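Coordinates in review
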Amino acid sequence: MFTALKTACDHGGPLLGVREAPLVPGSRLISALELRFNEVTVTLSAADDDEISVTPAPLPQPTPTHPSTPSVWSRCIGKRLCWAWLLTNQQGYSDGVRLEFGDPDSPESVVVELVVAASSLHPFVSQPAEG
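Residues numbered from 1 in each chain as written. Predicted model: local features only at pLDDT ≥ 70, side-chain atom pairs only at ≥ 80, totals over all residues. Heavy atoms only, no water.

A separate point is the pattern of salt bridges. Inspection of the entire model under this criterion finds four salt bridges. A salt bridge links aspartate 10 to lysine 6; its shortest N-O distance comes to 2.6 Å. A residue pair is termed a helical-turn pair when its members lie 3 or 4 positions apart in one helix, as aspartate 10 and lysine 6 do in helix H1 (residues 3-11) at four residues. In this structure, the salt-bridge partner of glutamate 113 is arginine 98, at a minimum N-O distance of 2.6 Å. With glutamate 113 in strand E8 (residues 106-117) and arginine 98 in strand E7 (residues 94-103), this residue pair connects regions lying 15 residues apart in the sequence. Residue class for arginine 98 comes out partly exposed when judged on its relative accessible area of 24%. (Salt bridge = Lys/Arg side-chain N within 4 Å of Asp/Glu carboxyl O. Helix = DSSP H or I, 4+ residues; strand = E, 2+ residues; numbered from the N terminus. Buried < 20%, exposed > 50% of the residue type's maximum accessible area, 1.4 Å probe, protein only.)

Here we come to the packing of aromatic side chains. The final tally for this structure, using the stated rule, is three aromatic pairs. Ring geometry for phenylalanine 37 versus phenylalanine 101: centroids 6.5 Å apart, planes at 15 degrees, classification stacked. Here phenylalanine 37 is found in strand E2 (residues 30-37), whereas its partner phenylalanine 101 is found in strand E7, with 64 residues between them in sequence. According to the relative accessible area criterion, phenylalanine 101 is buried, its value standing at 0%. Relative to phenylalanine 101, the ring of tryptophan 73 has its centre 6.1 Å away and its plane inclined at 90 degrees; by these criteria the two rings are edge-to-face. (Phe/Tyr/Trp six-rings, centres within 6.5 Å; stacked < 30°, edge-to-face > 60°.)

See the structure below:
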């Protein structure tokens, strides 16, 4: 499962686009997310057991999709995936990933966390604490 994200880090190139598949038509809840890089495409989805699934392929066609919410992903477009972590909760479920996007010409990185809850993906933008 995690090999797809390692490949995206090592060989994917910049993030070109993101598509979301709604949990049900018209819903704002996300069942799957397609990350399209220059060289590879990775799909993250909520598995039946509420764990996260990562596959080295685009969303199956025909899947109803819509472009992702710009506020979450707009800062990641054009940056490469530098780091990826698998998140495991206190009950032992691998139910999230942490993705760090960066640009070699900029010290600023963007960290997005995706956590599965109630059969859907919930994106969070992580920022350093001020202090």
